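What the coordinates show
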Number of protein chains: 2
Amino acid sequence: MAPTPTTSSFAVLALLDLKPWTGYELTHQAQRSLRYAWPKSERLLYSEPKKLVELGFATVHQEASGKRIRNVYTITEEGRRALNEWTSTRTQPPRLEIEAVLRVLFADHGSREDVLGALDELESDIGEHHQAIVELMGSYLDGGHPFPQRTHLSVLFATFQIEMFKTIERWIEFARDEIDEWPTTQDLGMTSRTETLARLLAQDQSPLNP
Amino acid sequence: MAPTPTTSSFAVLALLDLKPWTGYELTHQAQRSLRYAWPKSERLLYSEPKKLVELGFATVHQEASGKRIRNVYTITEEGRRALNEWTSTRTQPPRLEIEAVLRVLFADHGSREDVLGALDELESDIGEHHQAIVELMGSYLDGGHPFPQRTHLSVLFATFQIEMFKTIERWIEFARDEIDEWPTTQDLGMTSRTETLARLLAQDQSPLNP
DNA sequence: ACTATATACTGAATCTTGCAGTAAAGTCAA
DNA sequence: TTGACTTTACTGCAAGATTCAGTATATAGT
């Protein structure tokens with residue numbers, strides 16, 4: 001029987017609607033462009049177009065490039081209809097998985113250097129992606145967008161990513177400053193700085209943007 | 001043979017270090033307190049303490065409450081050592097999964113109402129958690145923290161969450177204002193507003209905090 | 001000619017989630 | 001005090017997703 005399409009299926013289907021792609025291109029394009037809103041493994045992304053074919057949302061045909069075979073996927077009319085219907089379904093709740101932040105919550109099991117190290121790792125991961133998206137925006141201005149009619153969407157999407165990256169980077173700085181004041185990671189409890197902080201947060205005020 | 005501990009194992013182990021818990025308490029406590037840095041399913045969280053026992057990081061004993069049996073887990077010395085070692089290992093890269101933001105990127109497959117609906121759903125999900133954490137900070141000030149010596153960690157952790165929530169909420173507002181200017185979701189391309197936005201982003205400036 | 005990197009995938013084991021199911025304990029109201 | 005509803009306290013199983021290893025061709029640079 002036919003499998004059920006997941007959010008990942010529709011994400012891949014939406015890319016397929018732009019043009020026909022090979023499995024390889026689709027997989028890598030999905031990783032590049034969806035990484036920060038819908039991160040999925042290479043393996044899964046290779047399986048999705050197959051599922052789309054089973055569902056009747058796409059067709060495959062094989063192209064030879066030398067001795068190699070490449071699977072080229074094309075969206076069907078039924079696929080376009082399904083995509084359109086998807087837009088009015090409910091979304092899944094957001095999910096933020098950030099181990100470095102977890103390490104802060106449990107920082108008392110290790111040294112100050114340990115937590116600071118975790119923050120450094122987070123900073124470098126975020127920094128890479130931050131830089132990449134800033135450069136992408138430059139390329140839209142210079143060379144244009146690969147699908148020009150979609151520029152308004154890509155740029156609004158990028159705005160989200162940049163705001164998130166900036167916020168995470170600002171918090172990392174703030175956390176470092178805070179940790180630098182700690183003599184140790186353990187048993188500090190409600191310090192005066194912590195109390196000030198808690199008071200701000202309880203009034204829903206941002207301690208990072210004074 | 002012994003299973004390998006995952007990040008989730010250590011997250012549960014860190015909770016176990018605070019006091020002995022039953023499987024039920026542990027599961028629900030983990031969902032409440034780790035939701036926004038390490039969201040895991042109830043099912044997985046029930047399995048983790050069993051794995052900890054297999055690893056020698058915890059012990060179980062059964063307590064009767066009437067006709068019921070509850071599994072009570074306690075951390076071992078070896079578990080404490082393992083926790084301590086964990087703090088100096090590398091963290092996994094961050095992962096942000098937000099379907100509503102994906103819907104913005106592919107908004108051209110549906111109506112303006114569809115995207116705006118997705119944004120409403122995101123706003124209400126975030127709003128709930130935002131409110132909960134603000135109230136939690138109030139409770140730390142009034143009634144204190146359940147593990148008072150850890151207040152400095154919880155509050156720094158909460159700062160992260162509040163900053164993220166505020167950023168997402170500000171972006172939702174911004175996105176709504178932007179979408180309200182669109183006559184349709186499709187084929188707008190590089191509008192003058194989009195160009196202004198792209199120019200700001202390419203210079204790594206925030207369009208939300210003018 | 002050789003090496004490294006990119007292309008182009010697949011199978012299998014393991015990890016994780018979602019869902020259904022079971023059943024006792026507690027709570028409140030008629 | 002009986003009945004209805006919620007909370008406590010889990011487990012089994014199917015399906016979804018990730019990780020890892022493996023296979024093999026194409027291409028670019030030295």
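Overview of the structure.

What counts, and where the lines are drawn
- Residues numbered from 1 in each chain as written.
- Chains lettered and ligands numbered in written order.
- Predicted model: local features only at pLDDT ≥ 70, side-chain atom pairs only at ≥ 80, totals over all residues.
- Near = placed C-beta within 6 Å.
- Helix = DSSP H or I, 4+ residues; strand = E, 2+ residues; numbered from the N terminus.
- Nonpolar A, V, L, I, M, F, W, Y, C, P; charged D, E, K, R; others polar.
- Least-squares fit on C-alpha atoms with pLDDT ≥ 70 in both.
- Contact = placed C-beta atoms within 7 Å.
- Pairing = 2+ DSSP bridges.
- Axes fitted to C-alpha atoms, helices over the stretch in contact; angles between N-to-C directions.
- Parallel < 35°, antiparallel > 145°, perpendicular 65-115°, else oblique.

**Quick word on the protein's contact with DNA strand D**
In the vicinity of DNA strand D lie 22 residues, with Ser41, Arg43, Gly66 and Lys67 of chain A together with Gly23 of chain B positioned nearest. Of all the secondary-structure elements, those providing two or more residues to the surface near DNA strand D are α3 (42–55) of chain A together with α2 (23–34), α3 (42–55) and β3 (68–75) of chain B. In terms of residue class, the surface near DNA strand D is made up of four nonpolar, ten polar and eight charged.

**Quick notes on the relation of the copies chain B and chain A**
By a simple turn and slide, chain B fits onto chain A: the slide is 0.0 Å along the axis, the RMSD is 0.1 Å, and the turn is 180°. In symmetry terms, the pair is related by a two-fold rotation axis. In terms of C-alpha distance to the rotation axis, chain B has Leu96 of chain B as its closest residue, with the C-alpha 2.4 Å off the axis. In this assembly, 100% of the residues forming the interface of chain B have copies in chain A that are likewise at the interface, indicating an isologous arrangement.

**Focus: the sheet that holds strand β3 (residues 68–75) of chain A**
All names here are of chain A. What the three strands build is an open sheet, ordered β1-β3-β2; its pairing is antiparallel. The sheet terminates laterally at β1 (21–22) and β2 (58–65), the two strands that pair on one side only. In the sheet, β1 pairs with β3 via two bridges, with the strands oriented antiparallel. Looking at the pairing, Trp21 lines up with Tyr73 of β3. Contacts between helix α1 (residues 7–16) and the sheet are confined to β1, β2 and β3, with β3 contributing the most and set at about 95° to the helix.

**Let's talk about the interface of chain B and chain A**
Across the contact, 80 residues belong to chain B and 80 residues belong to chain A. When contributions to the side of chain B that touches chain A are tallied by element, the ones reaching two or more residues are α1 (7–16), α4 (77–86), β4 (95–97), α5 (99–105), α6 (112–142), α7 (151–180) and α8 (192–202) of chain B. In terms of residue class, the side of chain B that touches chain A is made up of 46 nonpolar, 18 polar and 16 charged. As judged from the three bridges shared by strand β4 (residues 95–97) of chain A and β4 of chain B, these two strands associate in the antiparallel manner.

**A closer look at the packing of α1 of chain B against α3 of chain B**
All names here are of chain B. Where α1 meets α3, the closest approach of the two axes is 9 Å, and the angle between their N-to-C directions is 80°. Judged on the interaxial angle alone, α3 and α1 are roughly perpendicular. Within the contact between the two elements, α1 uses Ser8, Ser9, Val12 and Leu13 and α3 uses Leu44, Leu45, Glu48, Pro49, Lys51 and Leu52. The residue inventory of the contact of α1 with α3, partitioned by class, reads six nonpolar, two polar and two charged.

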